[in-house]
Amino acid sequence: MAWSSPMTAVANATFTAAQFNTYVRDNLSATAPALATTAGRHFAVSGTNEIAERAISEDFVSGGTGEATTSTSYTDLTTTGATITMTTGTHALVWFVSRATSGSATTQALSSVAVSGASTVAASDNWCVIHAGTTSTRYGAQHLFTTLTAGANTFTMKFRSSSASATATFFTRALAVMGL
Amino acid sequence: MAWTAPMTAVADSVFTAAQFNSSVRDNLNETGPAIATEASRVIMTDGANSLTEGQILDDIVETQETTTSSSYTDLSTVGPEITMTTRSRVFCFINANCLNSDAANSYASLEVSGASSITASDTRGVVVDLEAGNNVRCGVCTLLAVTPGSNTFTMKYRVQSGTGTFKNRRLIIWSL
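Attention here is on the structure that accompanies the text. Because the structure is a prediction, the values reported are computed rather than measured.

**Quick look at the sheet that holds strand E7 (residues 105-114) of chain B**
Residue and element names in this part refer to chain B. Pairing in this open sheet of four strands is antiparallel, and the strands run E5-E10-E7-E8 from one edge to the other. Of all strands in the sheet, those with a lone pairing partner are strand E5 (81-86) and strand E8 (126-129), marking the two edges. Each strand of the sheet is rotated relative to its neighbour by a mean of 20°, with strand direction disregarded. Bridge analysis of E7 against strand E10 (residues 149-159) gives nine bridges, and the strand direction is antiparallel. Looking at the pairing, Tyr107 lines up with Arg158 of E10.

Structure (structure tokens):
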């Protein structure tokens, strides 16, 4: 039921069942306790006078002894991901981390995040982690997606090398998504 | 109207208009749906029995620009920069693609002005140390105490030596 701005009671007026149902029952049913289903979640505004329960989820891929690519366009590795599917509004805050080597001192290993499902957003260098050098290092980046289509969205880490002649190798990968 | 602890009904008592307005109307007006105005904000606590909307905003400067300054400074395009009304804490996310012409450090950090005065510092920024000419992109997140009010958050840059180049600069601020 939608929220209605609560009525103002008037002394000596009859309080009807319809008024109770609209202003007490239906409004209480739109509040956080009524909508809460799962521990560890939060509430985001989904529209004027409307809130929705949203999740924070995480996925981790160990990558074993390393999974490699020489692709210069974003692609999946042998093990796809990390990947998370969740219901979001138009925004989502993501954290992504990878441990990687780029194959040489002058090339880079890049990891980014693509969105599919309700939305279609390609991985991009505009929001990526770039590793450089032959010594593996682990660090990450954050990105706020602001133009999603509300609904079930799948966030997937993607990877590429800066040069087709250099092998970018990725080890542990982690992705966290906060639905908004 | 502020939240008040809901009354306890007593059998055979009259339920007055004033009681309805205080315990039902005014309390409902303190709940999440009543205060929700803009999609994608987060419902946060604002104090005892009080809720508010928490904003998460971002700003982006993709342009590649340089500096040789060893103290924090602006690039040709200032920012990214976000001005928002905050409470006493913010979650800050700083991301940038950094490289240096020498085998020296490049730094990207955050300054806060307005209600607060917090200078950019190596202790809450990105520090990159690479082969000359190579580049990385990474980010950090910091939970920052600020003075409540209108605060402006601006990314700033410096180098240890050489010429630092920065692009794909992104700032996210979440008011808690």
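**Some details on the packing of aromatic side chains**
To describe a pair of aromatic rings, you give the distance between the ring centres and the angle between the ring planes. With the rule as written, the count across this model stands at 10 aromatic pairs over all chains. Ring centres of Phe159 of chain A and Phe170 of chain A lie 4.7 Å apart, and the angle between their planes is 55°; on these two criteria the pair is classed as tilted. A residue pair is termed long-range when its members are at least 10 positions apart, and Phe159 of chain A in strand E10 (residues 151-161) and Phe170 of chain A in strand E11 (residues 168-179) qualify at 11 residues. Here Phe159 of chain A and Phe170 of chain A have matching classes, each one buried. Both rings, one in Phe15 of chain B and one in Phe20 of chain B, keep their centres 6.3 Å apart while their planes meet at 65°; by these two values the pair is edge-to-face. Of the residues examined, Phe15 of chain B reaches a relative accessible area of 42% and is grouped as partly exposed.

**A few points about the interface of chain A and chain B**
The interface of chain A with chain B comprises 50 residues on the first partner and 42 residues on the second. Summing both partners gives a buried area of about 3400 Å² for chain A against chain B, and 62% of it is carried by carbon and sulfur. Three residues, Val45, Asn126 and Gln142 of chain A, lead the burial of chain A against chain B; their summed loss comes to 19% of the area buried on that side. On the surface where chain A and chain B come into contact, there are zero salt bridges. Where chain A packs against chain B, one counts 19 residue pairs in polar contact (both at pLDDT 80 or more). Of all the secondary-structure elements, those providing two or more residues to the side of chain A that touches chain B are helix H1 (17-28), strand E1 (42-47), strand E2 (50-54), strand E6 (92-101), strand E8 (128-132) and strand E9 (137-145) of chain A.

Cut-off values and rules
- Residues numbered from 1 in each chain as written.
- Chains lettered and ligands numbered in written order.
- Predicted model: local features only at pLDDT ≥ 70, side-chain atom pairs only at ≥ 80, totals over all residues.
- Heavy atoms only, no water.
- Pairing = 2+ DSSP bridges.
- Helix = DSSP H or I, 4+ residues; strand = E, 2+ residues; numbered from the N terminus.
- Axes fitted to C-alpha atoms, helices over the stretch in contact; angles between N-to-C directions.
- Phe/Tyr/Trp six-rings, centres within 6.5 Å; stacked < 30°, edge-to-face > 60°.
- Buried < 20%, exposed > 50% of the residue type's maximum accessible area, 1.4 Å probe, protein only.
- Contact = heavy atoms within 4.5 Å.
- Buried area = accessible area lost by both parts, 1.4 Å probe.
- Salt bridge = Lys/Arg side-chain N within 4 Å of Asp/Glu carboxyl O.
- Polar contact = N/O pair within 3.5 Å; in protein donor to acceptor, adjacent residues only side chain to side chain.

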